[in-house]
Amino acid sequence: MTGITLRNVVKRVALLNLGYFCVEFVVALSIGSVSLFADSVDLLEDASLNLLILTALGWSVRNRARLGMALAVVLLVPGLATIWTAWQKFMAPVAPEPLPLSLAGLGALAVNLSCAMMLVRFREHSGSLTRAAFLSARNDVLANIAIIAAGLVTAFLWTSAWPDLIVGIAIAAVNADAAHEVWTAARSEHSAAA
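Residues numbered from 1 in each chain as written. Predicted model: local features only at pLDDT ≥ 70, side-chain atom pairs only at ≥ 80, totals over all residues. Heavy atoms only, no water.

Here we come to the overall build of the protein chain. Helices and strands together make up the secondary structure of the protein chain, namely 7 helices and 0 strands. Mapped in sequence order, the helices and strands of the protein chain form the string α-α-α-α-α-α-α. In terms of overall dimensions, the protein chain is globule-like: its C-alpha atoms have a radius of gyration of 17 Å, near the 16 Å expected for 194 residues. Dimensions of the protein chain, computed from the C-alpha atoms along their principal axes, are close to 55 × 25 × 20 Å. Expressed as a percentage of the 194 residues in the protein chain, the buried residues total 50%. Across the protein chain, contacts joining residues at least 24 apart in sequence account for 83% of those joining residues at least 6 apart. Per element, the accessible surface of the protein chain, about 9000 Å² overall, is 72% carbon and sulfur. (Helix = DSSP H or I, 4+ residues; strand = E, 2+ residues; numbered from the N terminus. Rg over C-alpha atoms; globule rule 2.2 N^0.38 Å. Buried < 20%, exposed > 50% of the residue type's maximum accessible area, 1.4 Å probe, protein only. Contact = heavy atoms within 4.5 Å. Areas by Shrake-Rupley, 256 points an atom, 1.4 Å probe, with all protein chains shown as cover.)

The structure is reproduced here in structure tokens:
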């Protein structure tokens, strides 16, 4: 596992996230989906996270730990955006179109599963930074499965805004938990380096 290999993987993951962010964000806005909006913002955050990791790979352990703590805060941003979007949807609860919701979730699942598989072997490499990237991709896979399920529930069981809202809020909660885990790992690294 050389730094060059890790660099290439992180670069690929960043580009995949950025590319699919554009797709999912447009679909989310066009169908009024809270869960897709949350996931698209999360994809943008993942692209930024991986670009920051790419920049910091050569840094000292202490500086990487500091960046890890900053990234833990960054992981909270999609959750805050989701809460705002969920509030707006709660005020006007219209169900999103289930087919585009499920298809966009399926595309995101393919992207995030690919990213998680690329990052899994590096999750312990470079401490909290690569752990943050792996956890983010892993959590996104779970979120995408939930988005697909919300689309299916909306299509066949319950034509309501609630399945989409519930998944969107769950995505925010999972991101908050990942932020806590990255913060804890980065604090430990920082203490060990001091």
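Here Val120 lies in the loop between α5 (98-119) and α6 (128-156). With relative accessibility at 34%, the residue Val120 sits in the partly exposed group.

It is worth spelling out helix α3 (residues 61-74) at this point. The end-to-end C-alpha distance of α3, which contains 14 residues, comes to 20 Å, matching closely the 20 Å that a straight helix rising 1.5 Å per residue would cover. Listing the buried residues of α3 in full gives Arg64, Ala65, Leu67, Gly68, Met69, Leu71 and Ala72. (Expected span 1.5 Å × (residues − 1).)

Along the chain, Asn50 turns up in helix α2 (residues 34-56). Setting aside chain neighbours within four positions, we find Asn50 in contact with Val10, Val13, Ala14, Asn17 and Ala133.

Turning our attention to the side chain of Asp42. In this structure, Asp42 sits in helix α2. No salt bridge is formed by the buried Asp42. Its closest oppositely charged neighbour is Arg138, at 11 Å. (Lys, Arg positive; Asp, Glu negative; His and termini not counted. Salt bridge = Lys/Arg side-chain N within 4 Å of Asp/Glu carboxyl O.)

To continue, consider the packing of α3 against helix α7 (residues 162-193). Relative orientation of the contacting elements α3 and α7 amounts to 160°, with a least axis distance of 8 Å. In terms of orientation, α3 lies roughly antiparallel with respect to α7. For the pair α3 and α7, the sense of crossing is left-handed. On the side of α3, the interface is formed by Val61, Arg62, Ala65, Arg66, Gly68, Met69 and Ala72, while α7 contributes Ala179, Val182, Trp183, Ala186, Arg187, Glu189, His190 and Ala193. (Axes fitted to C-alpha atoms, helices over the stretch in contact; angles between N-to-C directions. Parallel < 35°, antiparallel > 145°, perpendicular 65-115°, else oblique. Left-handed = near helix turned anticlockwise from the far one by under 90°.)

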